[in-house]
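# A closer look at the structure
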2 protein chains.
Amino acid sequence: MTIFSFFTRASQAFHGYPVASKLILVSTLTLSAGGLVAYSESESDIGCPGGVVDQNENRKKRVVVLGTGWAGTSFLKDLDSSKYDVQVVSPRNYFAFTPLLPSVTCGTVEARSIVEPIRKIIKKRNGEVQFFEAECVKIDASNKKIMCRSNIDNNLVGNDEFSLEYDYLVIAIGSQVNTFNTPGVIENCHFLKEVEDAQKIRRSVIDCFEKTILPGLSEEERRANLHFVVVGGGPTGVEFSAELHDFLEEDLYKLYPGVKDLVKITVIQSGDHILNTFDERISSFAEMKFARDGIHVQTGCRVVSVSDKEITMKVKSTGETCSVPHGLVVWSTGIGTRPVVRDFMEQIGQGKRRILATDEWLRVKGCENVYAIGDCATIDQRKIMEDIAAIFEAADEDKSGFLTVGELRAVLDDIIIRYPQFDLYLKSKHLADVTDLLKDSEGNERKEVDIEGFGLVLSHVDSQMKSLPATAQVAAQQGSYLSRCFNRRDHFEKNPEGPRRFKGSGHHVFRPFQYKHFGQFAPLGGEQAAAELPGDWVSMGHSTQWLWYSVYASKQVSWRTRVLVVSDWTRKFIFGRDSSGI
Amino acid sequence: MTIFSFFTRASQAFHGYPVASKLILVSTLTLSAGGLVAYSESESDIGCPGGVVDQNENRKKRVVVLGTGWAGTSFLKDLDSSKYDVQVVSPRNYFAFTPLLPSVTCGTVEARSIVEPIRKIIKKRNGEVQFFEAECVKIDASNKKIMCRSNIDNNLVGNDEFSLEYDYLVIAIGSQVNTFNTPGVIENCHFLKEVEDAQKIRRSVIDCFEKTILPGLSEEERRANLHFVVVGGGPTGVEFSAELHDFLEEDLYKLYPGVKDLVKITVIQSGDHILNTFDERISSFAEMKFARDGIHVQTGCRVVSVSDKEITMKVKSTGETCSVPHGLVVWSTGIGTRPVVRDFMEQIGQGKRRILATDEWLRVKGCENVYAIGDCATIDQRKIMEDIAAIFEAADEDKSGFLTVGELRAVLDDIIIRYPQFDLYLKSKHLADVTDLLKDSEGNERKEVDIEGFGLVLSHVDSQMKSLPATAQVAAQQGSYLSRCFNRRDHFEKNPEGPRRFKGSGHHVFRPFQYKHFGQFAPLGGEQAAAELPGDWVSMGHSTQWLWYSVYASKQVSWRTRVLVVSDWTRKFIFGRDSSGI
């Protein structure tokens, strides 16, 4: 069976989740039309054929987007740029399909196959969207202004710093590595956040072998150089370990046969299991697969420091610390807040929080007209118990002091939309109807409840609240949601689509953001993968790997990258991975 | 017509020069067999399953090869490694198909498509050839030893320096850039020697555009940043200019439409014409094409200095100097000797020479058992006039003091082989036979000549001597020639194949190296190329570009790179070049 026919079949198999497979495909094909005249604070007329735009009240609102990752790109792809003056600022002029970064570390996929120039993605007929390759170094929310610095490090002329004004700011700059302040991590570890990181790891793995094979090294030194340590047993760390193992087995051992027996891969995980955010079945399948492959998994260990030669960890159960020499450490655990966001949080009174908070409409809390999407922020979901009195009052139409089944049913949809945890609660308790909800502790039906009883009924709802994971899937959905809000702002301001306001009157303009989980994959090497799909469906093994190929091919941002990624996989099957040190 | 069918046809068209097209193909397919046990000076047993080899007289001779470029790789591919202990030292663990480097600068071909791991090329069943990724920092010819330093710059353990002993040394480390001591060139120019150079240029071109498009630059500053200067109008400089022009026209102008009119490409050439080593027709065709394309060619100018912002040149005819601002300068003029070779030349009494000299058998002059091939050396061809007395004496069988037609005819083949300029002379004068050669100045036939007459006859022969160009073609042929000598050393020492020794008795063991020129290409952009082929055949235009595609595809070192290069070309036709700044 050819790869393509297999893809077709695997793709058909995936039609149980058509939205996931079509989501990006569709958005790739639907380029929104329009004729926005770009605006720049400077006198620049570059990319702005319309020239100067007068600054009177009729001018279009300026939208500044920070970042070209999943969230920013997804927002830009769907934004109707005829309605806004759009400016994009990002230190990288491309979008990278980050879920394939672990594949880039070992050359299964080439770095260039997973990137697409952002200018190509945002290109419209008249160049309506302006892109600036620069880093945002300060957000000045009180003056609606951002300060940027060019990250191009060469001798070209021009100002390195400039500022942009905005009417709406969309922060989508993602996160940075979280070292948990562990000493030596920044200096001595590799990371897996950017394309450059993956390329650097690839070169370093080859370097480890080339250095080890030089004359004059003791066996101990050779073992040290060929000890590859992965810190973090999450999906990224596990996928990288699996990729590395395949790279060694399928390619490098043939070229460096003499040192084959000296190689060791260790995964250090602070929890008790790797892939502990996945279903238990997947977690143990992965552990068994790794044990068979000879990948050493060290659970219950916390890394306390990393030097250039050794990594020191503490065994949680015994409290003992031990140090092992290493050749290469990849740090893939947790995400942290970028300094510019941290500074912005201080300004807007979120200084004590760990991560930037938005409301359910992705608006940054404590700040006007600033939105934050993707890994850089989290939705601070409103607790239903905080609003219990307001909900009761609003629902109690006849002001009787009691809520009847009918009254509750009338506001149920609004509650479900406004407080998504409520829907999760109903599902988790298998409650089909309001009458079930109102049953008392002995299971007897009740016709009405007072405020205390209502509070008791809803008291466990908020336990269902959970923050969304920092994944590409969430970021892409948020970008897409926000662009829809921007595109239809005028319409919905007149005809609100949102739920009823329990505090205050009328309706919210928009429905709050709602995340749909389409499942997640964990490639485990050796052409095997595990997948967790909605409906508690778990799939593992070779067929899942083909499903993975199919989904990842279909989710590519352009036909160019799709063709390149598929041909990279084909190339790997035929010729293996390249081990040249470039 | 599909690309592949066109290739097939172009390939058939090229069958007029079957050797050129098959040369590498054949050598790719013929992997020499053998079972050499590798030897290392250290106790290392890496890659050496046979373990320690006793150092008695029966041991195999050690061959150390420096470099993995065209010469070194060509030597290694054909070497019968069952006869020698082979060790290879090179700072890069791959072979790069350098003629495609200009294509890499603009992403027409990816860097990884033109490299092949040297370990894959030299891989034999038992790992007989050892490769060390290191730089040779000193050749100690008197002790038959080389000193090496690892160029892997990281925290791995192990000695950075080591030495290797040799019985035979093959120097194939190529050349470095020649700046002609022009101030500022090293600091401020890009080069086109290594794969990394090409990758750096690619990023820098994109940087120039991204920086220019930032707000706040004056038009003058924009023009400066988008002024691309190429120093050197040879094949590399011309091909790079053409590639850059295509990249701009076909890809970048669409993404950066606002700055299109500010871009300028300038080629600075010290001679009166670009491509002045080519046929005049090609040179003027290229100049006309460049004039049509808007590539500014500035001939008769010498660059006197390069700063980070400006390039200063002197117009030869008027002696005036002028400075122009630049965004990027690519320096592609001339080659220089590497420091390690310079130091070696001092040791062996070649200190006053510009470039390392070998004899016609590629043996370094003034040194035992050291060979030099490729760009790092030149063949110091023996002049026929220096040996005129010896040749006369050897040819004058009857010692009559006169050479008859018969006597001369008897040694003619030996003279032609020993002094290749003699053959060129005969051809250039259209002399069919010895009788023509012996004609006196009035054109009358002579039966015999004395030594003076013989000297007069040969007096202009040495004017035909020319040193070989520093091309991949020469290097590959030298590597191949030398491996044949190494493989058949035992046989030819007993049965010499070389010409008669005019000084001394007997025959030379081997025939001297003889270069066969298969022509050269100059791609000119816009799917047009020029080719100069043997027999004074010149071809220009679109069909020549297809011939170029065909030849370059067939000359790839492996099927992997062949497939990758062809698919890169196809990808470029369909999707264009990538402009992501990675």
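This structure is a prediction, so every number in the text was calculated from the model and none was measured.

## Quick look at the side chain of Thr544(A)
All names here are of chain A. On the secondary structure map, Thr544 appears in helix 19 (residues 542-554). For Thr544, a relative accessible area of 0% gives the class buried. Here the side chain of Thr544 touches Ser539 through a polar contact of 2.5 Å, side chain to side chain. Ignoring any residue separated from it by four or fewer positions in sequence, one finds Thr544 in contact with Phe521, Ala529, Ala530, Ala531 and Ser539.

## A word on the relation of the copies chain B and chain A
The transformation that overlays chain B on chain A combines an axial shift of 0.0 Å with a rotation of 180 degrees, and the residual RMSD is 0.1 Å. This pairing of chains is accounted for by a two-fold axis. Of every C-alpha in chain B, the one belonging to Ser567(B) sits nearest the axis of rotation, 4.5 Å from it. Of all interface residues in chain B, 99% are interface residues in chain A too; the two copies therefore contact each other through one and the same surface.

## Some details on helix 9 (residues 235-255) of chain A
A rise of 1.5 Å per residue sets the reference length of helix 9 of chain A, with its 21 residues, at 30 Å; its end C-alpha atoms lie 29 Å apart and thus fit the reference within 8%. The buried fraction of helix 9 of chain A amounts to 16 of the 21 residues, a majority that puts the element mostly inside the structure.

## Remarks on the packing of helix 12 (residues 388-395) of chain B against helix 16 (residues 451-458) of chain B
Residues and elements named next belong to chain B. Packing of helix 12 against helix 16 brings their axes to within 10 Å, and their N-to-C directions diverge by 120 degrees. By the angle class used here, helix 12 and helix 16 are oblique. Considering how the two elements wind past one another, helix 12 and helix 16 form a crossing that is right-handed. Contact with helix 12, carried on its side by Ile388, Ala389, Ile391 and Phe392, involves Ile451, Phe454, Gly455 and Leu458 of helix 16 and no other residues of that element. In terms of residue class, the contact of helix 12 with helix 16 is made up of 7 nonpolar, 1 polar and no charged.

## Regarding the domain arrangement of chain A
All names here are of chain A. Under the domain assignment used here, chain A contains domain 1 (8-175 + 337-381 + 468-492), domain 2 (185-335 + 519-575) and domain 3 (384-464). The interface of domain 1 with domain 2 comprises 44 residues on the first partner and 41 residues on the second. In this structure, the connection of domain 1 to domain 2 is made through 5 salt bridges. Between Glu110 and Arg571 there is a salt bridge, and its shortest N-O distance comes to 3.6 Å. Applying the counting criterion to the domain 1 and domain 2 interface returns 13 residue pairs in polar contact (both at pLDDT 80 or more). For the side of domain 1 that touches domain 2, the secondary structure elements donating two or more residues are helix 1 (3-13), helix 2 (18-29), strand 3 (94-96), helix 4 (101-105), strand 4 (115-117) and helix 5 (118-122). Of the residues forming the side of domain 1 that touches domain 2, the biggest block, 6 residues, is contributed by helix 2. Here the residues of the side of domain 1 that touches domain 2 sort into 24 nonpolar, 11 polar and 9 charged.

## Side note on the pattern of salt bridges
One pass over the full model with this rule turns up 68 salt bridges over all chains. Two residues, Glu219(B) and Arg223(B), come together in a salt bridge whose shortest N-O distance is 2.8 Å. You can see Glu219(B) and its partner Arg223(B) sitting in helix 8 (residues 219-225), 4 residues apart, about one turn around the helix. Ionic contacts of the salt-bridge type, sharing partners, join the residues Glu110(A), Arg202(A), Asp568(A), Arg571(A), Asp578(A), Arg112(B), Glu116(B) and Arg560(B) into one network.

What counts and what doesn't
- Residues numbered from 1 in each chain as written.
- Chains lettered and ligands numbered in written order.
- Predicted model: local features only at pLDDT ≥ 70, side-chain atom pairs only at ≥ 80, totals over all residues.
- Heavy atoms only, no water.
- Helix = DSSP H or I, 4+ residues; strand = E, 2+ residues; numbered from the N terminus.
- Buried < 20%, exposed > 50% of the residue type's maximum accessible area, 1.4 Å probe, protein only.
- Polar contact = N/O pair within 3.5 Å; in protein donor to acceptor, adjacent residues only side chain to side chain.
- Contact = heavy atoms within 4.5 Å.
- Least-squares fit on C-alpha atoms with pLDDT ≥ 70 in both.
- Expected span 1.5 Å × (residues − 1).
- Axes fitted to C-alpha atoms, helices over the stretch in contact; angles between N-to-C directions.
- Parallel < 35°, antiparallel > 145°, perpendicular 65-115°, else oblique.
- Left-handed = near helix turned anticlockwise from the far one by under 90°.
- Nonpolar A, V, L, I, M, F, W, Y, C, P; charged D, E, K, R; others polar.
- Domains from an automatic or database assignment.
- Salt bridge = Lys/Arg side-chain N within 4 Å of Asp/Glu carboxyl O.

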